[in-house]
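Residue-level structure breakdown
Residue strings, one per chain:
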Amino acid sequence: MRRAIIFGHRDYRRVADAMRNDEPFAALSGFMPTGDPHIGHKMVFDEIIWHQQQGADAYALIADLEAHAARGLTWDEIDDHSEDYLLSLLALGFDADDGTLYRQSANRELQDLAFELGAEARFSEFEAIYGFDGETDVSHMQSVVTQMADILYPQLEDSKPTVIPVGPDQDPHMRLARDIAERTRYFKVTEAYASVAFDDDERPLVAATYEAREQYADGEGAPRCGEAADWLRDDPGITGGHDDEVVAGVVEKLDNAGMEPLRPRIRFFDRQATEAAFEALIDEIRGEKRVFEGHIDAFELDRETAEDLALAVEVDHGGYGFVPPSSIYHRFMTGLTGGKMSSSIPASHISLLDDPEDGYDKVKAATTGGRETAEKQRELGGEPDKCPVYELYAYLLAGDDDEFAQRVYDECAGGERLCGGCKEEAAELMEGFLADHQEKRDEAREVLADLDVQLDSERV
Ligand code: SF4
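Residues numbered from 1 in each chain as written. Predicted model: local features only at pLDDT ≥ 70, side-chain atom pairs only at ≥ 80, totals over all residues.

Overview of the overall build of the protein
This is how it is decided: Secondary structure follows DSSP: runs of H or I at least 4 residues long count as helices, runs of E at least 2 residues long count as strands, and numbering of each begins at the N terminus. In this scheme every C-beta is placed from the backbone, and a residue whose C-beta has 20 or more other C-beta atoms within 10 Å is buried, one with 12 or fewer is exposed, and one in between is partly exposed. By definition, residue pairs are in contact when their C-beta atoms, positioned from the backbone, come within 7 Å.
For the protein, the helix and strand inventory stands at 18 helices and ten strands. Its C-alpha atoms put the protein at 80 × 60 × 45 Å along the principal axes. For the protein, with 460 residues in total, the buried portion stands at 38%. For the protein, the share of sequence-separated contacts (at least 6 apart) that also reach a separation of at least 24 residues comes to 77%.

Section: the pairing of strand 2 (residues 26–31)
Threshold: A pair of strands is treated as paired once DSSP finds two or more bridges between them.
Of all six residues in strand 2, six are buried, a share of seventy percent or more. Judged by which residues are buried, strand 2 turns out to be covered on both faces: Ala26, Leu28 and Gly30 on one side and Ala27, Ser29 and Phe31 on the other are all buried. Direction of pairing for strand 2 relative to strand 3 (residues 57–62): parallel, over a ladder of six bridges. Paired with Ser29 across the two strands is Ala60, which belongs to strand 3. The pairing of strand 2 with strand 5 (residues 162–166) spans two bridges and is parallel. The partner of Ala27 across the bridge, within strand 5, is Val163.

Re the site of the ligand
Operational definition: Each residue gets a C-beta atom placed from its backbone. If that atom is within 6 Å of a molecule or strand, the residue is near it. Three residue categories are used. Nonpolar comprises Ala, Val, Leu, Ile, Met, Phe, Trp, Tyr, Cys and Pro, charged comprises Asp, Glu, Lys and Arg, and polar comprises the others, including Gly.
Lining the immediate environment of the ligand, one finds 14 residues, of which Gly382, Cys387, Cys412, Cys419 and Cys422 sit closest. Elements represented by at least two residues in the shell around the ligand include exactly helix 16 (388–397), helix 17 (402–413) and helix 18 (419–450). At three residues, helix 18 tops the list of elements feeding residues into the shell around the ligand. Of the residues belonging to the shell around the ligand, the class tally is eight nonpolar, four polar and two charged.

A few points about the domain arrangement of the protein
Heads up, the rule is: Segment limits for the domains were obtained from an automatic or database-derived domain assignment.
For the protein, the assigned domains read domain 1 (6–184 + 323–330), domain 2 (188–316) and domain 3 (346–450). A separation of 29 Å is found between the C-alpha centroids of domain 1 and domain 3. Among the elements that make up the side of domain 1 that touches domain 3, the one with the highest residue count is helix 4 (residues 75–91) (six residues). In terms of residue class, the side of domain 1 that touches domain 3 is built from eight nonpolar, three polar and three charged.

A short note on the environment of Pro324
With respect to the helices and strands, Pro324 occurs in the loop between helix 13 (303–316) and strand 10 (326–330). Separated by 61 residues in the primary sequence, Pro324 and Arg263 place their C-alpha atoms 29 Å from one another. Discounting residues that sit within four places of it in the chain, Pro324 has contacts with Asp11, Arg178, Ala181 and Glu182.

Structural notes on the nonpolar core
Within soluble globular proteins, side chains that are nonpolar tend to cluster in buried spots. Basically, it comes down to this: Each nonpolar core reported here comprises buried Ala, Val, Leu, Ile, Met, Phe, Trp, Tyr and Cys residues connected via C-beta atoms within 7 Å.
Among the nonpolar cores identified, the biggest contains 51 residues, and Ala60, Met148, Ala149 and Leu152 are the most heavily contacted of them. Core analysis: the next-biggest nonpolar cluster, separate from the first, contains 27 residues, Ala366, Tyr395, Val408 and Met430 among them.

The structure is reproduced here in structure tokens:
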């Protein structure tokens with residue numbers, strides 16, 4: 001995050017808050033065992049391990065059902081690669097005593113959850129997000145639902161914020177997981193202002209209209225919806241920045257509500273609560289409340305308390321109580337040969353299993369962001385932002401040493417650093433890293449053998 005390798009997030013604040021307040025949270029990532037683990041995977045391993053060190057319940061899984069269904073790998077190939085991924089993860093510092101490792105095909109609870117979540121997913125969504133069509137096989141579709149279950153698996157016992165480190169291309173997938181999590185919830189909690197329901201894009205304008213009530217309300221107490229509609233119609237200057245359609249929609253709804261008071265409240269919609277849970281929620285809401293068919297309005301609760309209450313009642317009555325999963329987004333490493341780093345182009349990446357000397361050679365042969373001549377480089381400086389070798393420093397070789405990474409950047413951009421020496425330094429560091437990593441992988445074999453992770457599939 002400090003070096004902007006992780007450059008974005010969705011709803012990470014709830015994870016950060018849990019971390020700060022010493023509350024439970026989780027981190028999870030899945031690995032599709034389609035080839036050797038390489039330095040691009042290391043970045044994700046590091047993200048999981050770092051969160052574990054900050055107190056997360058950490059999960060790493062082998063996405064073997066997906067590898068088989070979506071990529072067509074045989075079970076033998078999957079078995080071989082799975083072991084390699086897990087050894088590297090352990091060698092890099094994953095604490096298996098404290099964390100959870102599993103493979104999809106051997107996790108019955110996960111598959112049961114996937115089945116339940118499948119009831120909330122629509123084929124049309126898969127069409128839109130993954131391009132599925134009538135030719136897509138059913139196992140492939142099932143593997144997508146299984147991934148949704150992976151993302152929510154850390155919350156199967158207890159609700160908690162969960163972070164999934166992914167590349168930005170995975171965002172649609174995260175959005176679907178968040179939607180599906182929400183669809184399983186017993187109650188939907190929203191802010192409301194009258195019996196009429198306002199949409200998400202209408203609510204800010206209604207809130208602003210309520211806040212300005214002194215300018216138009218006739219008498220004390222809450223203004224009437226009709227008064228608010230008349231005031232808005234005269235264009236009081238607060239509609240700027242809102243879409244014309246939104247303004248027209250708000251005015252119409254307020255108009256229809258007529259003499260009804262405009263008054264903020266929290267609304268609990270009954271999504272799929274059991275009768276007992278709905279009754280329990282009514283009992284639990286303190287202060288003024290009104291109960292309707294299918295929803296409850298509470299007038300003395302803030303949004304956060306209301307969310308917590310809805311969650312507690314749901315969990316008490318046998319619901320999942322899933323908190324929407326969060327994500328953080330990392331950059332993709334550039335391939336050593338320029339272009340994309342790809343498992344299928346050996347020269348483009350450094351495998352964590354590469355012989356250290358081969359790792360050295362690959363770095364020496366990498367393309368750079370340097371100028372055509374040393375003279376020009378001294379004069380204009382190099383282009384570290386376009387240099388795969390600089391990425392190696394920033395993502396891996398500088399470790400925790402930010403100053404070192406910054407120094408390489410500054411020296412390069414300032415023309416003091418030339419590519420020959422820079423690559424030699426990086427190549428030596430890479431050779432050392434691989435030698436050390438592989439020694440740790442050997443030590444991790446014993447740990448892995450003692451773990452309850454099925455490495456040999458019984459499938460054919
Ligand atoms: S000096 Fe180093 S960081 Fe700069 S362009 Fe050359 S190889 Fe890349």
